[in-house]
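Observations on chain architecture
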Amino acid sequence: MEAVDRRLCSRFLLSLLLLLSVPQSSSVGVGINYGQIADNLPSPARVAGLLRSLNINRVKLYDADQNVLSAFQNTNVEFIIGIGNENVENMMDSAKAQAWLQQYVEPHAANGRISCITVGNEILSGDDTVLMSGLLPAMQSVYQALVSLGLDKQIYVTTAHSLQILANSFPPSSGSFREDLAEYIQPLINFHAMTKSPFLINAYPFFAYKDDPNSISLPYAVFEPNPGVVDPNTNLNYDNMLYAQIDSVYSAIRVVGHTDVVVRVSETGWPSRGDSSEIGATPENAAAYNGNLLRRIAMNQGTPLMPSIPIDVHVFALFNENLKPGPTSERNYGLYYPNGAPVYNIGLKGSLPGKSGSLAAASNQLMVTGLISFPVIISLLAALLLYSDITSWFPDT
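An account of the accompanying structure is given in this report. (Residues numbered from 1 in each chain as written. Predicted model: local features only at pLDDT ≥ 70, side-chain atom pairs only at ≥ 80, totals over all residues. Heavy atoms only, no water.)

1. Side note on the overall build of the protein
- Of regular secondary structure, the protein possesses 14 helices and 12 strands.
- Out of the 397 residues belonging to the protein, those deemed buried represent 49%.
- For the protein, the computed accessible surface area is about 18,500 Å², with 55% contributed by carbon and sulfur atoms. (Helix = DSSP H or I, 4+ residues; strand = E, 2+ residues; numbered from the N terminus. Buried < 20%, exposed > 50% of the residue type's maximum accessible area, 1.4 Å probe, protein only. Areas by Shrake-Rupley, 256 points an atom, 1.4 Å probe, with all protein chains shown as cover.)

2. Concerning the pattern of salt bridges
- Under the defined criterion, the tally for this structure stands at seven salt bridges.
- The salt bridge involving R178 is made with D180; its shortest N-O contact spans 2.8 Å.
- Since its relative accessible area comes to 48%, D180 is described here as partly exposed.
- For the salt bridge of D211 with K210, the shortest nitrogen-to-oxygen distance reads 2.9 Å.
- With relative accessibility at 58%, the residue D211 sits in the exposed group.
- Overall, the relative accessible area of 22% leaves K210 in the partly exposed class.
- Sharing partners across several salt bridges, the network here consists of R58, R264 and D312. (Salt bridge = Lys/Arg side-chain N within 4 Å of Asp/Glu carboxyl O.)

3. A few points about the sheet that holds strand β11 (residues 263-268)
- Taken together, the eight strands give a closed barrel; going around it, the order is β1-β2-β3-β4-β5-β8-β11-β12, and neighbouring strands pair in parallel fashion. Looking at each pair of strands side by side, their axes are set apart by 25° on average, direction ignored.
- Seen against the sheet, helix α7 (residues 129-148) touches β3 (78-83), β4 (114-121) and β5 (156-162) and runs at an angle of roughly 155° to β5. (Pairing = 2+ DSSP bridges. Axes fitted to C-alpha atoms, helices over the stretch in contact; angles between N-to-C directions. Contact = heavy atoms within 4.5 Å.)

4. Concerning empty space enclosed by the protein
- Enumeration according to the criterion identifies two cavities of 30 Å³ or more in this entry.
- In this structure, the largest cavity spans a volume of roughly 60 Å³.
- In terms of lining residues, the largest cavity is bounded by I246, Y250, V263, R264, V265, T303, M306, I309, P310, I311, D312 and V313.
- Elements supplying a minimum of two residues to the lining of the largest cavity: α11 (241-255) and β11.
- Counting residues per element, the lining of the largest cavity draws most heavily on β11, at three residues.
- Here the lining of the largest cavity is built from residues that sort into nine nonpolar, one polar and two charged. (1 Å grid on protein atoms, 1.4 Å probe; cavity = no way out; pocket = protein on both sides within 12 Å on 5 of 7 lines; lining within 4 Å. Points joined across faces, edges and corners; volume = space filled by probe spheres on them. Nonpolar A, V, L, I, M, F, W, Y, C, P; charged D, E, K, R; others polar.)

Structure, rendered in structure tokens:
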């Protein structure tokens, strides 16, 4: 009878081991933009707990905040970090670029947690020609500094663009860059091809819908069922605007002579609130857009033009940011309120740990810092399972 009990115990432990080996929240394979233009956000350590509970392991920052990077030190989160527009000119100096990398990147590079550095944001759609002229030299300087530190195979260098750099975006096969940007775009694309780094775009179907709701179908904008739009040049059918936007950029890159540069979406999202003039900014539409987008990502879908390349997206944004300037929508792109409550339900199962000092925060911090983690739990259960099996070989006499 005792031997039977031991076998039952062994089977129970094996079942428990297999159960805990499977992540308890399904990964959506999506990245998130973690903006911090607010005065009421939770601490980075608590945010690390939230993202762990969501099983999101790709985060994009707009700077190289050491408090954030340190809080995520013992997690498996991979970061895109940013060099702000105000610091691009400094990066043209190779010595300053290397000093910046040694201060902000090297301390976190050993475990491969930084995968990308963005040099500036939406510079080419601005009107600062000095900054526009300095963008590529700054990117080249940062890249060469990475080479000198032996990090160029681990971390790529890029920049993020607004779709305002396009002269034409529809049909997608006719996508083209603005002629007045040709002197900047062509060498930039050449740099991406040489370094095998992605071309990043900030793509927001919301803007197109808001500006012309009578011509653009809401279901087409938010991934809801619709007949789609056919590109007359390729006969490809597009059932959502985001994919059309991505493919228009691929087409524009082909026009300048390249088919060897991948396009990734560094920002996309939909606001849950807006001014009276911001048509479509509602919780229902935001939930539809982001929820349907996550489902597409989980399916590893490619676009009609590039079906074999799954879309790569960082959703904007993790939290509502109450200090962002501009229209109301700018402060309402978050999936979560700063207190950890979801702004709307899209099926994400996660929670923000309690404040420091609470039992919930303490247990979560143990999980985040790796003192108690799934690998440790699995190892302990494996040891118990082995012990159970061994003792079953020597029944009491």
